[in-house]
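The lines below spell out each chain.
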Amino acid sequence: MADGSRNLAREWSFGEARLGWATAARSSLWARCGCGREAVVDPRPWIAQGLSRQLVRDLEHRLRCVCGARQAQLEIRGLAEAPGNGAGGIHVFR
């Protein structure tokens, strides 16, 4: 920038986040079902499969909720954005 300031924030729109970003310091991966249930998701098994550069939206079909939903929305959240009382009950299918 001309004034010497630097803009380090990565600009991205909904659905463009990569799975590897969830492993950044102070970040977490969350799944949210249409029924309102939310749960933290461990990205390490997917990363071990070499999917760290995969878009998170492309992994949403691998989630199952106890309500019967066969998909849940994935979000990368900072620690301040993550709710303190996740409901659980959303499971990962590889």
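Residues numbered from 1 in each chain as written. Predicted model: local features only at pLDDT ≥ 70, side-chain atom pairs only at ≥ 80, totals over all residues. Heavy atoms only, no water.

### Looking at the nonpolar core
In terms of nonpolar packing, the biggest core is built from 18 residues, with Leu 29, Trp 46, Leu 74 and Ile 90 touching the most fellow members. Of all the secondary structure elements, the ones that give two or more residues to this core are strand E1 (27–32), strand E2 (38–41), strand E3 (63–65) and strand E4 (73–78). Among residues more than four places away in sequence, those in contact with Leu 74 are Leu 29, Trp 30, Ala 31, Val 41, Trp 46, Val 56, Leu 59, Glu 60 and Leu 63. (Core = buried A, V, L, I, M, F, W, Y, C linked by side-chain atoms within 4.5 Å. Buried < 20%, exposed > 50% of the residue type's maximum accessible area, 1.4 Å probe, protein only. Helix = DSSP H or I, 4+ residues; strand = E, 2+ residues; numbered from the N terminus. Contact = heavy atoms within 4.5 Å.)

### Here we look at the pattern of salt bridges
A complete count under the given rule lists 5 salt bridges for this structure. With a closest N to O distance of 3.9 Å, Asp 58 and Arg 57 form a salt bridge. Using a relative accessible area of 32% as the deciding quantity, one classes Asp 58 as partly exposed. A relative accessible area of 45% places Arg 57 in the partly exposed class. One network of salt bridges, with partners in common, ties together Arg 32, Glu 38, Glu 75 and Arg 77. (Salt bridge = Lys/Arg side-chain N within 4 Å of Asp/Glu carboxyl O.)

### A look at the pairing of E2
As paired elements, E1 and E2 share 4 bridges and run antiparallel to each other. Looking at E2, one finds that Arg 32 is bridged to Glu 38. Linking E1 back to E2 in an antiparallel pair, the connection comprises 5 residues, with Gly 36 at a positive phi of about 100°. (Pairing = 2+ DSSP bridges.)

### Details of the state of the cysteines
For the coordinates displayed, the defined rule picks out 0 disulfides. In this model Cys 65 remains outside any disulfide bridge; the closest cysteine sulfur is found in Cys 67, 3.6 Å from its own. For Cys 67, a relative accessible area of 44% corresponds to the partly exposed category. (Disulfide = S-S within 2.5 Å.)

### Things to note about unusual backbone geometry
The backbone phi angle of Arg 26 is positive, close to 65°, even though this residue is not glycine. Relative to the assigned elements, Arg 26 resides in the segment before E1. The exposure class assigned to Arg 26 is exposed, which follows from its relative accessible area of 64%.

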